[in-house]
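# Summary of the model geometry
Single-letter residue listing:
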Amino acid sequence: MFDINLVHTYNTICMSCLPQHYANLDDSQLFRLVKQDDIKAFEALYSRYWSDLIDAAYRRLQSREKAEDIIQDIFVSLYQKRHTLDITVSLEGYLYQSLRYKVLNMIRDELTRTACKKKIFFKEHCKNDSAEYCDAKELNNRIGRVLSSLPDKCREAFLLSRE
């Protein structure tokens, strides 16, 4: 089970590792510093939002690993696009909107993957012929044993009815 208290503890520890002036800056100021390649400002944003985002992702996906992967992807993307991104309204809104789309994409991909697996598995030409052969052979052996236990006249009548 996912322990949200551990996440909040991690967040508190990480924030205490950063210089104090970063904690006093708002998101837009921090993001301006990130655009200037200030790694500590990026770490401050990461620490500020990581636990809340991971909690929100976990509530939607019910998987700690998937939630962590999505949050990591969001922050990697944010860092890679830092020079070209123009977040005018709210960094928090941008992060939660990114989370929403990542979760929806993951769910869509899983549904598509499941549908494709079902489609492939249940296709007529994908039958397991060796299993059918074994089943038929087993059935013939059982029929042979039952027939051999029948009286001669009954066995002959049965065989004649099947020709």
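I will try to describe carefully the structure that is included in this document.

### Considerations on helix α5 (residues 64–80)
In a regular helix each residue adds 1.5 Å, so 17 residues correspond to 24 Å; α5 covers 24 Å between its end C-alpha atoms and thus fits that length. Residues A67, I70, I71, I74, F75, S77 and L78 constitute the buried set of α5. Across the axial projection of α5, the buried residues extend over an arc of 160°, all falling on one side. Of the exposed residues in α5, those oriented more than 90 degrees away from the buried face are E65 and Q80. In this structure, the buried side of α5 is in contact with α3 (27–35), α4 (39–61) and α6 (91–121).

### Some words on the pattern of salt bridges
The full count for this structure, using the stated rule, is nine salt bridges. In this structure, D55 and R59 form a salt bridge, with 3.5 Å as the shortest nitrogen-oxygen distance. Highlighted residues: D55 and R59, both in helix α4, separated by four residues, approximately one helical turn. The class for D55 is partly exposed, based on a relative accessible area of 23%. When its relative accessible area of 52% is taken as the criterion, R59 is described as exposed. For E138, the salt bridge is made with R142, and the minimal N-O distance between the two is 3.4 Å. Placement of both E138 and R142 in helix α7 (residues 129–149) is noted, with a separation of four residues, approximately one turn of the helix. What makes E138 partly exposed here is its relative accessible area of 36%.

### Comments concerning the nonpolar core
Membership of the largest hydrophobic core comes to 28 residues, with the highest contact counts inside it found for I71, F75, L78, L95 and L99. Going through the elements one at a time, α3, α4, α5 and α6 are the ones with two or more residues in this core. With 12 residues, α4 is the single largest residue contributor to this core. With residues near it in sequence (within four places) discarded, I71 still touches W50, L53, I54, A57 and L99.

### Observations regarding the environment of K66
Structurally, the position occupied by K66 is in helix α5. Remark: the alpha-carbon pair of K66 and V103, spanning 37 residues in sequence, is separated by 9.1 Å. Those residues within four positions of K66 in sequence are excluded, and the remaining contacts are L61, M106 and E110.

### Here we look at the environment of L147
Within the secondary structure, L147 sits in helix α7. Look at L147 and you get buried, because its relative accessible area is 12%. Between the alpha carbons of L147 and F158 there is a distance of 8.5 Å; along the sequence they are 11 residues apart. When neighbours within four sequence positions are excluded, L147 is seen to be in contact with R155, F158 and L159.

Rules of the game
Residues numbered from 1 in each chain as written. Predicted model: local features only at pLDDT ≥ 70, side-chain atom pairs only at ≥ 80, totals over all residues. Heavy atoms only, no water. Helix = DSSP H or I, 4+ residues; strand = E, 2+ residues; numbered from the N terminus. Expected span 1.5 Å × (residues − 1). Buried < 20%, exposed > 50% of the residue type's maximum accessible area, 1.4 Å probe, protein only. Arc of directions from axis to C-beta. Contact = heavy atoms within 4.5 Å. Salt bridge = Lys/Arg side-chain N within 4 Å of Asp/Glu carboxyl O. Core = buried A, V, L, I, M, F, W, Y, C linked by side-chain atoms within 4.5 Å.

That is the geometry; function is a separate question.
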